[in-house]
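# Tertiary structure, described
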Amino acid sequence: ELDNLVATYLIDPARYEDLLWQITRLFPKDSPVDLALVVASVAIIGPAMEEGVFRGVIYRGVASHHGIRFGIVFTAVVFMVIHLNPIQFPATLILGLIYAWMISAGYRTSDTFIAHALHNSISIPFLLELAEVPGMSAAPADELAHVPAGVLAGAGAIFLASIFLV
């Protein structure tokens, strides 16, 4: 739903559709090797690198020199901007705040990696167009669709469960 707000008020819907199409082109699904590489990059490699850099290095360095609160906010903003996708900005900012807070609360970067990897795993069926849910598909549409409440609740439950498991 945050994506819909960004696409509705900040980005022209035609440009939004083009951005989604460009993103899905990054994830080929022509062979089992392609599928394995998509899953590995989205669910393992990306989260491992991002958590190591953002929470393992940047947060700890900034927080030790400028305080915990500044470190959390600064790291989350940099995490958001580095994704280079305005459609994702609200979600990545919130996740960046949560993951940096987890480190400040004493969790390890391996813990934030697990939460991050589980969160990213939710998107894999949609990136590969293996699942079709209105508002969560990259397939062209005439207008933006809202994600059904049940899907939002399910994704939220998976995210909260990942943090609880950590």
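Residue indices begin from 1 for each chain and proceed along its sequence in written order. Totals for whole chains, interfaces and linings use every residue, but because this is a predicted model, local features are given only for residues with pLDDT of at least 70 and side-chain atom pairs only at 80 or more, for both listing and counting. Where side-chain values are given, they derive from all heavy atoms of the structure, hydrogens and water being excluded.

### Brief notes about the overall build of the protein chain
Just so we agree on the cut-off: The secondary structure listing takes helices from DSSP runs of H or I that are at least 4 residues long and strands from runs of E that are at least 2 residues long, numbered from the N terminus. Relative accessibility thresholds used throughout: buried, under 20% of the residue-type maximum; exposed, over 50%; partly exposed, between the two (1.4 Å probe, protein chains only). Residues are treated as being in contact if the distance between any of their heavy atoms lies within 4.5 Å. Every accessible area reported is derived by Shrake-Rupley at a probe size of 1.4 Å, with residue values counting cover from the shown protein chains alone.
Scanning the protein chain from terminus to terminus reveals 8 helices and 0 strands. A buried classification covers 31% of the 166 residues belonging to the protein chain. Of the contacts made within the protein chain by residues no fewer than 6 positions apart, 63% connect residues no fewer than 24 positions apart. Of the roughly 9500 Å² that the protein chain leaves accessible, carbon and sulfur atoms contribute 70%.

### Comments concerning the pattern of salt bridges
Short version of the rule: We define a salt bridge as a contact between a side-chain nitrogen of Lys or Arg and a carboxyl oxygen of Asp or Glu at a distance within 4 Å.
Scanning the model with the defined rule gives 2 salt bridges in all. Measuring nitrogen to oxygen at the nearest pair gives 2.7 Å for the salt bridge that ties Arg 55 to Glu 51. Of this pair, Arg 55 and Glu 51 are both found in helix 3 (residues 32-66), 4 residues apart, which corresponds to roughly one turn of the helix. Of the residues examined, Arg 55 reaches a relative accessible area of 0% and is grouped as buried. Assessed through its relative accessible area of 1%, Glu 51 is described here as buried. Linking Asp 111 and Arg 108 is a salt bridge whose minimum nitrogen-to-oxygen distance equals 3.3 Å. The exposure class of Asp 111 is buried, given its relative accessible area of 9%. Overall, the relative accessible area of 55% leaves Arg 108 in the exposed class.

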